[in-house]
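The chain contents come next:
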Amino acid sequence: MRVTIDLPLTVDRESPVPLAAQVAGQLREAMRTGRLRAGERLPSTRALAALLGVSRTVATDAYQQLYAEGWLDGRHGSGTYVADDTLPYEQPGAQAVEARGAARREPAPPGWVDLRPGRPWVFGYDTAAWRRAWRSAGELALNAFPDPYGHPELRELLADHLRRARAVPVGAGNVMVTRGTGNGLDLIAATLLGPGSRAGVEEPGWRAARRIFASRGAEVVPCPVDEQGVIVEALPDDLRVLYTTPAHQFPVGGRLPIPRREKLLAWARRTGAIVVEDDYDAEFRYDVAPLPALYGLDPGRVVLLGTLSKSLGPDVGLGWLVAPADLLDAVAERRMHLADRTSGPVQRAVATLLERGDLDRHLRRMRLEYARRRAAIVEALGPYVRGDTAGLHVMVSLPAGVVPGLVRRAGERGVLLDTTEAHHQGPPRVHGLVLGYGSASRADVRRGCAVIRELIPPEGA
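These figures come from a predicted structure and were not determined experimentally.

J.: Lay out the environment of V220 in plain terms, naming residues and giving numbers.
T.: By secondary structure assignment, the location of V220 is in strand β7 (residues 219-226). Among the residues examined, V220 registers a relative accessible area of 7% and is labelled buried. Each C-alpha atom of the pair V220 and G196 lies 10 Å from the other, and the pair is 24 residues apart in sequence. Setting aside residues up to four positions removed in sequence, V220 forms contacts with A199, V201, R210, F213, A214 and Q425.

What follows is the structure, given as structure tokens:
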């Protein structure tokens, strides 16, 4: 049951900070520290305005800013609530938790089909290789002074992995070992952003990126995408950072073509912005050749983020950040101030998987398996499928009015779905389903798609 909660809020009319920003800031802090929890209902804008003795416009502006940042949720006529996927922070500026899609997502009930995106198949790894990697990690002596850049040996191995898997010519001196994409993005945000800065996130796009940027004090700017990716002509010139997913746009699924990549990098050079390239699932491609990474085209303006969350599993907690040497040094210094580090034993275990070729063999097996699941979706829902050339999810394009009822009826039949509408900062522009096939078996993918196909209304209905 959702409950309404009252919080002690105040406004200072003598402060140079606008009243709406004061209210939004206090509510944001309450959600960060856990005083406001997911699902709790906030007062209406009319009630909040009366409580604080301000105009209703002030209350409305405060709520709209928090809606845009992903802190609040609600529907017309049903009230305003703390978003179910709000991530509480232990303290202001704490490292962001890595999550794609809804945070703290509950596992599907037994017997249900979970086609929500963001999770890989964690049952297909070589258990002998996994045990061997951890035996190697157990031989590692504890380090009293962890290197903020990561273990030198692992940095060399990751640089070689990026050269082979993504054709990125990078040396170990440009690689930092992180705890995953969210951690890497938060380190960049902590280094480059602050109050008054503006950071762009694709619209629709990864909600966690918006929360991470907002937690560092930046104004989050939605940057529209089309079926190919971010629209360069729509980018404002005053962004300090732009977060983008050019290899497989999340959630629409487009691949940014080379001419547009070149335009994006020209924009970054002209404006001085840093482009953060999230390569979250680019290791999985089907029927197409890989496009060059943005980092490989202009290492001076791009930060490349990657993770093992999709290739092995999120529980591994390891990723990488590739950046120009001067920026990497600034990130390392900031990281030490934050007392942030990546587990030494985890780094040693991953290094063993890389140096023995176990990770490469696992990726080859999973590419074949994921290709079969993706083919099952295309076979069942072909005319509606978009963005199926890479990654672990596709978009199913549907009319806006169809989506809510279809999701509800699918849930009644034991199929859990995600929607493109849920990944917008502002009013939804793209409508449909985001189907993840990483964590569902082939049989479950077929079963879920059969339910979806039955629930899609006929043309003209």
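What follows continues from the structure just given.
J.: Explain helix α1 (residues 19-33) residue by residue, including any values.
T.: With 15 residues, α1 should cover 21 Å at 1.5 Å per step; its first-to-last C-alpha distance of 21 Å lies within 8% of that length. Along α1, the residues that are buried comprise A20, Q22, V23, A24, L27, R28, A30, M31 and R32. Positioned one or two residues after α1, G34 has a phi angle of 90°, which is positive.

J.: Explain the pairing of strand β9 (residues 241-244) to me, using residue names and the numbers behind them.
T.: Of the two faces of β9, the one carrying V241 and Y243 and the one carrying L242 and T244 are both buried. One ladder, built from 3 bridges, connects strand β6 (residues 198-203) with β9; its direction is parallel. From the neighbouring strand, V201 faces β9, where its bridge partner is Y243. Sheet topology places β9 next to strand β10 (residues 274-278); 4 bridges connect them, and they run parallel. Of the residues in β10, the one forming a bridge with V241 is I274.

J.: Go over the packing of helix α12 (residues 358-381) against helix α14 (residues 442-455), please, and point to the residues and values.
T.: For the pair α12 and α14, interaxial distance at closest approach is 9 Å and the crossing angle is 15°. Here α12 is positioned roughly parallel relative to α14, judged by the angle of their axes. Both α12 and α14 take part in a crossing whose hand is right-handed. Counted together, E369, R372, R373, A376, I377, A380 and L381 of α12 and R442, V445, R446, C449, I452 and R453 of α14 form the full contact between these two elements.

J.: Describe the pattern of salt bridges, listing the residues and the values that go with them.
T.: Per the counting criterion, the structure on display carries 24 salt bridges. Note that D237 is salt-bridged to R270, the shortest N-O span being 3.0 Å. Placement of the pair is D237 in the loop between β8 (229-230) and β9 and R270 in helix α8 (residues 258-271), with a sequence separation of 33 residues. Look at D237 and you get partly exposed, because its relative accessible area is 44%. Classification of R270 by relative accessible area gives exposed; the value is 56%. The salt bridge partner of R356 is D358, with a shortest N-O separation of 4.0 Å. Residue class for R356 comes out partly exposed when judged on its relative accessible area of 45%.

J.: Account for the sheet that holds strand β16 (residues 418-419), naming residues and giving values.
T.: Ordered by their spatial adjacency, 4 strands build an open sheet running β13-β14-β17-β16, and the pairing between neighbours is antiparallel. Looking at the sheet topology across the chains shown, the edges are occupied by β13 (385-386) and β16. Across 2 bridges, β16 lies against strand β17 (residues 432-436) in antiparallel orientation. Across the sheet, residue T419 finds its bridge partner in β17, namely L433. The sheet strands contacting helix α13 (residues 403-412) are β16 and β17, and the helix crosses β17 at an angle near 40°.

J.: Can you lay out the environment of R164 for me, pointing to particular residues and giving the numbers?
T.: With respect to the secondary-structure elements, R164 resides in helix α5 (residues 152-166). You can call R164 partly exposed: its relative accessible area is 39%. Each C-alpha atom, one on R164 and one on D360, is 10.0 Å from the other, the two residues being 196 residues apart in sequence. Within the structure, R164 has its side chain in polar contact with the side chain of D160 (distance 3.0 Å).

J.: Lay out unusual backbone geometry in plain terms, naming residues and giving numbers.
T.: The amide bond that connects E203 to the next residue, P204, takes the cis arrangement and shows omega of 0°. The topology assignment puts P204 in the loop between β6 and α7 (207-215). At the junction of F250 and P251, the peptide bond is cis and its omega measures out at 10° in the coordinates. Take P251: it is sitting in the loop between β9 and α8. Of note in the backbone geometry, A167 takes a positive phi value of approximately 55° without being a glycine. Relative to the helices and strands, A167 resides in the loop between α5 and β5 (175-178). A relative accessible area of 62% places A167 in the exposed class. Positive phi outside glycine occurs at A339, with the angle close to 55°. Looking at the secondary structure, you find A339 in the loop between α10 (325-337) and α11 (344-355).

About the thresholds
Residues numbered from 1 in each chain as written. Predicted model: local features only at pLDDT ≥ 70, side-chain atom pairs only at ≥ 80, totals over all residues. Heavy atoms only, no water. Helix = DSSP H or I, 4+ residues; strand = E, 2+ residues; numbered from the N terminus. Buried < 20%, exposed > 50% of the residue type's maximum accessible area, 1.4 Å probe, protein only. Contact = heavy atoms within 4.5 Å. Expected span 1.5 Å × (residues − 1). Pairing = 2+ DSSP bridges. Axes fitted to C-alpha atoms, helices over the stretch in contact; angles between N-to-C directions. Parallel < 35°, antiparallel > 145°, perpendicular 65-115°, else oblique. Left-handed = near helix turned anticlockwise from the far one by under 90°. Salt bridge = Lys/Arg side-chain N within 4 Å of Asp/Glu carboxyl O. Polar contact = N/O pair within 3.5 Å; in protein donor to acceptor, adjacent residues only side chain to side chain.

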